[in-house]
Amino acid sequence: MSFYRRGCFICLGALLVAISLQLFLIKNYVIDGGVIGIGILLSHITGLQVGLLLLLLNVPFFLIGYAFLGKRFCALSFFAIVVLTLGSNFLEPLPAVTNTPIFVIFFGGLFLGLGVGITIRFGGCLDGTEVMAILFSKRSRFTIGQYVLLFNIVIFGSSIFIFGIKAAIYSLATFFIAYKTIDLLIRE
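The sections below set out a description of the structure shown in this document. (Residues numbered from 1 in each chain as written. Predicted model: local features only at pLDDT ≥ 70, side-chain atom pairs only at ≥ 80, totals over all residues. Heavy atoms only, no water.)

1. Quick notes on the side chain of Ser 20
The line we're drawing: Going along the chain from the N terminus, every DSSP run of H or I of four or more residues is numbered as a helix, and every run of E of two or more is numbered as a strand. Here's how the labels work: a residue is buried when its accessible area is under 20% of the maximum for its type, exposed when over 50%, partly exposed in between, all with a 1.4 Å probe on protein chains only. Should any heavy atoms of two residues lie within 4.5 Å, those residues are counted as being in contact.
Secondary-structure assignment places Ser 20 in helix 1 (residues 3–25). Taking the relative accessible area as the measure of exposure, Ser 20 reaches 0% and is therefore buried. For Ser 20, the residues in contact, after removing those within four places along its chain, are Leu 25, Gly 108, Phe 111 and Leu 112.

Below, the structure written as structure tokens:
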């Protein structure tokens, strides 16, 4: 598959994640995990834009990705995070599509999982924990989604202190849908 075609799919994946974050999750105090979750928590604490924080926090992980997964992976991943940053910044002023918890959890998780799954399937990633999950999954029997879920337990636990127990439970439920969607897309 051509680099250009991969780039188009990765752009679609990153935009789906931006839609999930800005139109479903963040405004309802539901977080994603990984570096994105840390970025959401820091944005809430500091008032800085989520997109900018995502770019800055992911740099060390993309350097690891470059070292172990190659420059093509790094270029596609960097492109994905730039699209996610721009998409997040563009969508940030818009209101949430819904405030109904079941819809936030389901659609937020579905769009998140589709976006992350498409991005990984076509050779990139959007989050530093995905880089680590890809590396670890190549050396074990656990899936990328399972590793990402393990990494995120600490982040979801931290969100209890910032957003409360209800938001943490919603975040975990959302990520469960996302992780199942990621694994489904990657296995196909």
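Still to come is the rest of the account.
2. Digging into the nonpolar core
Inclusion rule: We call a set of buried Ala, Val, Leu, Ile, Met, Phe, Trp, Tyr and Cys residues a nonpolar core when their side-chain atoms join them within 4.5 Å.
Counting residues in each nonpolar core, the largest one holds 51 residues, and the members touching the most others are Val 17, Leu 21 and Leu 84. Among the elements of the structure, helix 1, helix 2 (34–46), helix 3 (50–69), helix 4 (71–91), helix 5 (101–121), helix 6 (128–137), helix 7 (144–163) and helix 8 (165–187) are those that each provide at least two residues to this core. Here this core takes nine residues from helix 1, the largest share from any one element. When near neighbours in sequence (up to four residues on either side) are disregarded, Leu 84 contacts Ala 14, Val 17, Ala 18, Leu 21, Ile 36, Leu 54 and Leu 126.

3. As for helix 7
Formally: Here, expected helix span is obtained from the residue count minus one, scaled by 1.5 Å. Think of it this way: the bend at a residue is just the angle between two axes, each fitted to seven residues, one set ending at that residue and the other starting at it.
With 20 residues, helix 7 extends 27 Å from end C-alpha to end C-alpha; this agrees with the ideal 28 Å at 1.5 Å per step. By the largest-angle criterion, Asn 152 marks the main kink of helix 7, which is about 35 degrees. Buried residues in helix 7 make contact with helix 2, helix 5, helix 6 and helix 8. At the C-terminal side of helix 7, Gly 164 shows a positive phi close to 105 degrees.

4. Here we look at the environment of Arg 141
With respect to the helices and strands, the residue Arg 141 is situated in the loop between helix 6 and helix 7. Spatially, the C-alpha atom of Arg 141 lies 16 Å from that of Phe 151, the residues being ten residues apart in sequence.

5. With respect to the side chain of Asn 28
Here is the rule: Residues adjacent in sequence count toward polar contacts only when both atoms are side-chain atoms; beyond that, a polar contact is any pair of N or O atoms within 3.5 Å, and within protein one must be able to donate a hydrogen and the other to accept it.
Structurally, Asn 28 is set in the loop between helix 1 and helix 2. At 2.7 Å, the side chain of Asn 28 forms a polar contact with the backbone oxygen of Phe 24. Once residues within four sequence positions are removed from consideration, Asn 28 is found in contact with Ala 96, Thr 98, Asn 99 and Val 104.

6. Looking at the packing of aromatic side chains
Formally: For this analysis, a ring pair means two rings from Phe, Tyr or Trp (six-membered ring only for Trp) whose centres lie within 6.5 Å, classed as stacked if their planes differ by under 30 degrees, edge-to-face if by over 60, and tilted for the remaining angles. Lysine and arginine charges are scored as sitting over a ring when NZ or CZ, respectively, is within 6 Å of the ring centre and within 35 degrees of the ring normal.
Summed over all chains, the structure comprises twelve aromatic pairs. Geometrically, the ring pair formed by Phe 136 and Phe 151 is edge-to-face, given 6.0 Å between the ring centres and 65 degrees between the ring planes. You can see Phe 136 sitting in helix 6 and its partner Phe 151 sitting in helix 7, a full 15 residues away along the chain. A residue is classified by how much of its surface remains accessible, and Phe 136, at 36% relative accessible area, is partly exposed. Between Phe 156 and Phe 175, the aromatic rings sit 6.0 Å apart at their centres with planes inclined by 50 degrees, giving tilted as the arrangement. Placement of the pair is Phe 156 in helix 7 and Phe 175 in helix 8, with a sequence separation of 19 residues. When sorted by exposure, Phe 156 lands in the same class as Phe 175, which is buried. Among the aromatic residues, ring-to-ring pairing joins Phe 24, Phe 103, Phe 106, Phe 107 and Phe 111 into one connected group. Geometry around Phe 142 places Arg 141 over its ring, the cationic atom sitting 4.8 Å from the centre.

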